[in-house]
Amino acid sequence: LMVYFRNALINGDNIFYSFSGLLGIDTIGLLGHYLLSPFNLLILLFPANEITDAIYLIIALKVMCASIFSFIYFGRNNDYDYKMLILSTSYALSGYVFAYFMNIMWLDGVYMLPLVAFGIEKLFEKAQDAQFTLLTTVLDDALKYGRIIRDEHDNVEKIVEFKDCNEEELQVKM
């Protein structure tokens, strides 16, 4: 799969569809589940016969990032001492990491967890006095999603389902 991904990127082939199986197969699911880690772009630096070495490097970098990010997260209160070093190393070398060592798509969650936890923690700190916290996104084409209507001070005024939106509310992109 990594060789296919590497060859498709280098040769300019279509990474969303492949004719390698009978009449062709849709590869979007494979891309989304297995290949879209930012670390996977490192395979472009290796020749095709050394993909295994590239995968080992990707695994090592993901484990290293898990250790570094967890060290920063666990010591976020300026508690950077040997205990945080031991805790972050233990996190990065946990049984989960060793169990899924060669299924590298699952290692993305290991290094991203401290970052996500830090982000969620910052959201709750910022909204400490709020009655509720609402995480939203801005979409170019919100399709048939509901809309979050805000007042001039960016406070949530109401949440409207798509079917209940008027023309003005349909222009909102979140």
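The following paragraphs examine the structure supplied in this document. Because the structure is a prediction, the values reported are computed rather than measured. (Residues numbered from 1 in each chain as written. Predicted model: local features only at pLDDT ≥ 70, side-chain atom pairs only at ≥ 80, totals over all residues. Heavy atoms only, no water.)

So, on to the overall build of the protein. Check the secondary structure of the protein and you find 7 helices and 4 strands. Taking 174 residues into account, the globule formula puts the C-alpha radius of gyration at 16 Å, and the protein, at 22 Å, lies well above it. Along the longest, intermediate and shortest principal axes, the C-alpha atoms of the protein span 60 × 55 × 25 Å. Every one of the 174 residues in the protein was classed for burial, and the buried ones make up 26%. For the protein, long-range pairs separated by at least 24 residues make up 44% of all intrachain contacts whose partners lie at least 6 apart in sequence. Total accessible area on the protein is roughly 12,200 Å²; 61% of this is exposed by carbon and sulfur atoms. For the protein, the centre of its 12 positive side-chain charges and the centre of its 21 negative side-chain charges are spaced 2 Å apart. (Helix = DSSP H or I, 4+ residues; strand = E, 2+ residues; numbered from the N terminus. Rg over C-alpha atoms; globule rule 2.2 N^0.38 Å. Buried < 20%, exposed > 50% of the residue type's maximum accessible area, 1.4 Å probe, protein only. Contact = heavy atoms within 4.5 Å. Areas by Shrake-Rupley, 256 points an atom, 1.4 Å probe, with all protein chains shown as cover. Lys, Arg positive; Asp, Glu negative; His and termini not counted. Charge placed at Lys NZ, Arg CZ, Asp CG, Glu CD.)

Ranked by size, the top nonpolar core spans 23 residues in total, and within it Met 2, Ile 43, Ile 55, Ile 58, Ile 59, Ile 104 and Leu 107 carry the most contacts. Elements with a minimum of two residues in this core: helix 1 (2-11), helix 2 (28-35), helix 3 (51-74) and helix 6 (107-126). The leading source of residues in this core is helix 3, at 8 residues. Other than its neighbours up to four places away in sequence, Ile 58 contacts Met 2, Phe 39, Asn 40, Leu 42, Ile 43 and Ile 104. (Core = buried A, V, L, I, M, F, W, Y, C linked by side-chain atoms within 4.5 Å.)

Our focus in this paragraph is the packing of aromatic side chains. Per the counting criterion, the structure on display carries 7 aromatic pairs. A ring pair is formed by Phe 74 and Tyr 91, whose centres lie 6.4 Å apart and whose planes are at 90 degrees; its orientation type is edge-to-face. One end of the pair, Phe 74, is in helix 3; the other, Tyr 91, is in helix 4 (residues 82-92), and 17 residues separate them in sequence. Judged by relative accessible area, which is 26%, Phe 74 ranks as partly exposed. Through a chain of ring-to-ring contacts, the aromatic side chains of Phe 39, Phe 69 and Tyr 111 assemble into a single cluster. Above the face of the Tyr 73 ring, Arg 76 is positioned so that its terminal group lies 4.0 Å from the ring centre. (Phe/Tyr/Trp six-rings, centres within 6.5 Å; stacked < 30°, edge-to-face > 60°. Lys NZ or Arg CZ within 6 Å of the ring centre and 35° of its normal.)

All right, on to the side chain of Ser 67 then. Take Ser 67: it is sitting in helix 3. Beyond its immediate chain neighbours, meaning those up to four positions away, Ser 67 contacts Ser 88, Thr 89 and Ala 92.

The interhelical angle for the contact between helix 3 and helix 6, taken along N-to-C directions, is 20 degrees, at an axis separation of 7 Å. Overall, the two elements helix 3 and helix 6 adopt an arrangement that is roughly parallel. Viewed along their axes, helix 3 and helix 6 form a crossing whose handedness is left-handed. Residues Ile 59, Lys 62, Cys 65, Ala 66, Phe 69, Ser 70 and Tyr 73 of helix 3 touch helix 6, and the partners they reach there are Leu 107, Asp 108, Val 110, Tyr 111, Pro 114, Leu 115, Ala 117, Phe 118 and Glu 121. Of the residues assigned to the contact of helix 3 with helix 6, the class counts are 12 nonpolar, 1 polar and 3 charged. (Axes fitted to C-alpha atoms, helices over the stretch in contact; angles between N-to-C directions. Parallel < 35°, antiparallel > 145°, perpendicular 65-115°, else oblique. Left-handed = near helix turned anticlockwise from the far one by under 90°. Nonpolar A, V, L, I, M, F, W, Y, C, P; charged D, E, K, R; others polar.)

In the sheet, strand 3 (residues 147-150) pairs with strand 4 (residues 156-160) via 4 bridges, with the strands oriented antiparallel. The partner of Arg 147 across the bridge, within strand 4, is Val 160. Connecting the antiparallel pair strand 3 and strand 4 is a turn made up of 5 residues, with Asp 154 showing a positive phi of about 70 degrees. (Pairing = 2+ DSSP bridges.)

Let us look at the environment of Asn 14. Among the secondary structure elements, Asn 14 is positioned in the loop between helix 1 and strand 1 (17-18). For the pair Asn 14 and Thr 27, spaced 13 residues apart in the sequence, the C-alpha separation amounts to 9.4 Å.

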